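In case you want the letters, here they are:
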Amino acid sequence: LTILGILLIVFASLKFSSRITSTVIRIKNHADELAKGNLRVDDLAVESSDELGTLSAAFNTMSGNIRELIRKMATTAEQVAASSEELTAGAQQSAEAANHVAGTVSQVSDGMADQLESVDHAKKDVDIVFTDISQVADKTKKITENSAQTAQAAQQGEQLMTGAMAKMGHIESSVSESAEVVQKL
């Protein structure tokens with residue numbers, strides 16, 4: 001009976017340690033995939049409500065948070081790209097307005113032959129130039145505002161990346177500590 005009891009205890013111990021080891025290995029493999037940048041890994045299966053189950057659930061939550069953070073960063077990057085396109089369009093419109101103003105000035109200098117007609121023509125051209133300059137001023141103001149928003153979005157993106165890298169460092173530390181605990185077992 002003693003031998004049977006010892007064999008039963010050894011079998012139970014091996015089974016228990018195998019369960020712990022397999023859970024820790026799954027968590028380590030999951031962490032390795034995340035560390036490689038693979039955010040499409042499926043969540044870990046939570047098979048118990050003990051410490052290992054809680055650790056697996058917490059790891060799943062952390063993975064989800066990292067995915068969400070990356071999604072937000074992608075959205076911010078898209079917004080920065082859209083702002084950049086708007087700035088480019090504003091610059092093109094400013095260039096067109098400048099060309100239009102240059103054309104108007106050329107027309108005014110060419111129309112000096114007839115004084116009466118040229119004064120009337122110049123008044124009309126000045127009105128057009130005034131409108132163009134107002135538009136240029138409005139567009140320049142928009143460009144300035146878009147530039148400030150772009151700078152802010154870039155700063156937020158940098159903060160998000162810094163936070164993500166810090167979280168990845170914590171993940172690595174946690175996995176290393178878990179590996180050390182398993183190794184000590």
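Residues numbered from 1 in each chain as written. Predicted model: local features only at pLDDT ≥ 70, side-chain atom pairs only at ≥ 80, totals over all residues. Heavy atoms only, no water.

Draft legend 1. Highlighting helix α1 (residues 2-35). In this model, α1 (34 residues) spans 48 Å end to end at C-alpha, consistent with the 50 Å of a helix rising 1.5 Å per residue. Ile 20, Thr 23, Val 24, Ile 27, His 30, Ala 31 and Leu 34 are the residues of α1 that are buried. Where α1 ends, the next residue or the one after it, Gly 37, has phi of about 95 degrees, a positive value. (Helix = DSSP H or I, 4+ residues; strand = E, 2+ residues; numbered from the N terminus. Expected span 1.5 Å × (residues − 1). Buried < 20%, exposed > 50% of the residue type's maximum accessible area, 1.4 Å probe, protein only.)

Draft legend 2. Up close: the nonpolar core. One finds Ile 27, Ala 31, Leu 34, Val 41, Leu 44, Phe 59, Ile 66, Ile 171 and Val 175 forming the largest nonpolar core, which totals 9 residues. Per element, the largest residue contribution to this core is 3 residues, and it comes from α1. Beyond its immediate sequence surroundings of up to four residues, Phe 59 is in contact with Ile 27, His 30, Ala 31, Leu 34, Leu 44, Ile 171 and Val 175. (Core = buried A, V, L, I, M, F, W, Y, C linked by side-chain atoms within 4.5 Å. Contact = heavy atoms within 4.5 Å.)

Draft legend 3. Structural context of a nonpolar patch on the surface. A cluster of nonpolar side chains, Ile 6, Val 10 and Leu 14, forms an exposed patch at the surface whose accessible area comes to about 280 Å². Structurally, the position occupied by Val 10 is in helix α1. When its relative accessible area of 42% is taken as the criterion, Val 10 is described as partly exposed. (Patch = residues over 30% accessible without salt bridge, like charges linked within 9 Å, V, L, I, M, F, W, Y side chains within 5 Å. Areas by Shrake-Rupley, 256 points an atom, 1.4 Å probe, with all protein chains shown as cover. Salt bridge = Lys/Arg side-chain N within 4 Å of Asp/Glu carboxyl O.)

Draft legend 4. Just the confidence of the model for the protein chain, in detail. Averaged over every residue, the pLDDT of the protein chain is 84; residues scoring 70 or more account for 94%. Across the protein chain, element-level confidence peaks in α1 with a mean pLDDT of 88 and bottoms out in helix α3 (residues 115-184) with 81. (pLDDT = per-residue confidence, 0-100.)

Draft legend 5. Local environment of the side chain of Ser 56. Relative to the assigned elements, Ser 56 resides in helix α2 (residues 51-110). Judged by relative accessible area, which is 2%, Ser 56 ranks as buried. Not counting residues up to four positions away in its chain, the partners in contact with Ser 56 are Thr 23, Ile 27, Leu 44, Ala 45 and Val 46.

Draft legend 6. Looking closely at the pattern of salt bridges. For the structure shown, the criterion picks out 8 salt bridges. One salt bridge connects Glu 33 with Lys 36, and the closest N-O pair in it is separated by 3.9 Å. Asp 127 is paired through a salt bridge with Lys 123; the nearest N and O atoms lie 3.5 Å apart. Here Lys 123 and Asp 127 lie together in helix α3, a separation of 4 residues that amounts to about one turn. The exposed category is assigned to Lys 123, whose relative accessible area is 53%.

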